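Read off the chains here:
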Amino acid sequence: MENMLSYLTDLEEKNVIESLKKEVYPVVLWGAGQIASVVEKYLKEKKIQIADVFVDDAYYAEEMYLNSIRVISKSKLLEKYQKVNVVVGYSDYQAADVLKNEEWVNECFYFACTAYGEFERTPFKLIEDNISKYQVVYDMLADQKSKEVLIAFLQTKLSGNVKYTLQVFDRRMSYFDNDLYRIGREEVYLDVGSAAGENVKQFIKESGGDYGYIYAVEPEKKLRSDLVDYIDKNKIGQFEIAAKGAWNTSGVINFLFDGESSHACTPDEQKAETLQ
């Protein structure tokens, strides 16, 4: 039986915050969606100065803001700076891995996990104390690739270095093009909890614009507005969005609106209409 723990000791740690504090080049944030918003707030809390926030030219729109910071296009960024450090503000680490090779990028910095503000690394002792449980799962996995993925996940959580996850990627994949399936022509896409439309945009890109219809469901007003603005700006057809949440009944429920973690909640919060 292979011992998992041997893969999880003496990892190369990459403390993103401490590394950023030592950098002399300007720090810019790439992205203007939900994850970027969470990352920006975290950097501000850690006293990291963001020089600019930028998005790719295809996603840029006039009067675009992220947490009161004016967003600029990549083209504008290249006019302002010769070299910068880029903090990745979304979860497409593979795209960022390509970006780091561009001449104007000094280094790309990733946060291994931004969901619900989980920026801190997992303590090694926590893994060590529960290694027998992880080992059971590891031994149950039927193929070597699955075992490598589990190890890479734990290595990334322990070290904060996303390189371990990137190393197990065989090829670039997405929700719509992966080892299980690939979307075909005339697909109908239902995005429940569409947020600002990251997955809608990916679906349109992967389909080449040849799709049947897109239905989106999003109760949060600002996120929904961002998605609608994108749809209108790019003159995208066959699209409909409902200003509602998805639930097991139609009606009105208490709802917590705070971006990435918007969800049904206990009383004394805002209300959201639901559809079944």
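A quick note: this is a predicted structure, and the numbers were derived from the prediction, not measured.

### Let's talk about the overall build of the protein chain
Each helix and strand counted, the protein chain has 10 helices and 13 strands in total. Taking the intrachain contacts of the protein chain between residues at least 6 apart in sequence as the baseline, contacts between residues at least 24 apart amount to 62%. Per element, the accessible surface of the protein chain, about 15,900 Å² overall, is 51% carbon and sulfur.

### Points about the pairing of strand β4 (residues 69–73)
Where strand β2 (residues 52–55) and β4 come together, 3 bridges link them in parallel fashion. Note on β4: the bridge partner recorded for V53 is V71. Bridge analysis of strand β3 (residues 65–66) against β4 gives 2 bridges, and the strand direction is antiparallel. Bridged to Y65 within β4 is R70. Counting the residues between successive antiparallel strands, the hairpin from β3 to β4 contains 2 residues, one of them, N67, with a positive phi of roughly 50°.

### Examining the sheet that holds strand β6 (residues 105–109)
Taken in spatial order, the 6 strands line up as β3-β4-β2-β1-β5-β6 in an open sheet, and their pairing is mixed. Every interior strand has two partners, whereas the edge strands, β3 and β6, have only one.

### A few points about the packing of helix α6 (residues 131–140) against helix α7 (residues 144–159)
The geometry of α6 relative to α7 is characterised by a closest axis approach of 9 Å and an angle of 150° between their N-to-C directions. As the angle between them shows, α6 and α7 are arranged roughly antiparallel. The element α6 and its partner α7 pack so that their crossing is right-handed. Side by side, α6 and α7 meet where Y134, V137 and Y138 of the first sit next to K147, L150, I151 and L154 of the second. Classifying every residue of the contact of α6 with α7 by side-chain character gives 6 nonpolar, no polar and 1 charged.

### Observations regarding α7
Taking 1.5 Å of rise per residue, the 16 residues of α7 would be expected to cover 22 Å, and the 22 Å separating its terminal C-alpha atoms lies within 8% of that figure. Every buried residue of α7 is listed here: K147, L150, I151, A152, L154, Q155, T156, K157, L158 and S159. Capping of α7 at its N-terminal end is provided by D143; its side-chain oxygen lies 3.2 Å from the backbone amide nitrogen of K145. Following α7 by one or two positions, G160 adopts a phi angle in the positive range, close to 80°.

### So, helix α2 (residues 34–45)
Over its 12 residues, α2 runs 17 Å from end to end, which matches the ideal 16 Å to within 8%, given 1.5 Å per residue. The buried fraction of α2 amounts to 9 of the 12 residues, a majority that puts the element mostly inside the structure. Of all the positions in α2, only Q34, I35, A36, S37, V38, V39, E40, Y42 and L43 are classed as buried. Phi turns positive, to about 65°, at K47, one or two residues after α2.

### Describing a nonpolar patch on the surface
A cluster of nonpolar side chains, V188, L190, V192 and Y215, forms an exposed patch at the surface whose accessible area comes to about 380 Å². Per element, the largest residue contribution to the nonpolar patch is 3 residues, and it comes from strand β7 (residues 188–192). Turning to its location among the elements, L190 is positioned in strand β7.

### So, the pattern of salt bridges
If you walk through the whole model with that rule in mind, you get 9 salt bridges. The partner of K21 in a salt bridge is E18, with the nearest N and O atoms 3.9 Å apart. With K21 and E18 both in helix α1 (residues 16–22) and 3 residues apart, this pair spans about one turn of that helix. Close ionic contact of D129 with K125 constitutes a salt bridge, the shortest N to O distance being 2.8 Å. On the criterion of helical spacing, the pair formed by D129 and K125 is a turn pair, its members being 4 residues apart in helix α5 (residues 124–129). When its relative accessible area of 54% is taken as the criterion, K125 is described as exposed.

### Observations concerning the nonpolar core
Membership of the largest hydrophobic core comes to 21 residues, with the highest contact counts inside it found for L20, L29, V39, L43, V87 and F111. Those elements giving two or more residues to this core turn out to be α1, β1 (27–30), α2 and β2. For this core, the element with the most residues is α2, which contributes 5 residues.

Cut-offs used in this document
- Residues numbered from 1 in each chain as written.
- Predicted model: local features only at pLDDT ≥ 70, side-chain atom pairs only at ≥ 80, totals over all residues.
- Heavy atoms only, no water.
- Helix = DSSP H or I, 4+ residues; strand = E, 2+ residues; numbered from the N terminus.
- Contact = heavy atoms within 4.5 Å.
- Areas by Shrake-Rupley, 256 points an atom, 1.4 Å probe, with all protein chains shown as cover.
- Pairing = 2+ DSSP bridges.
- Axes fitted to C-alpha atoms, helices over the stretch in contact; angles between N-to-C directions.
- Parallel < 35°, antiparallel > 145°, perpendicular 65-115°, else oblique.
- Left-handed = near helix turned anticlockwise from the far one by under 90°.
- Nonpolar A, V, L, I, M, F, W, Y, C, P; charged D, E, K, R; others polar.
- Expected span 1.5 Å × (residues − 1).
- Buried < 20%, exposed > 50% of the residue type's maximum accessible area, 1.4 Å probe, protein only.
- Polar contact = N/O pair within 3.5 Å; in protein donor to acceptor, adjacent residues only side chain to side chain.
- Patch = residues over 30% accessible without salt bridge, like charges linked within 9 Å, V, L, I, M, F, W, Y side chains within 5 Å.
- Salt bridge = Lys/Arg side-chain N within 4 Å of Asp/Glu carboxyl O.
- Core = buried A, V, L, I, M, F, W, Y, C linked by side-chain atoms within 4.5 Å.

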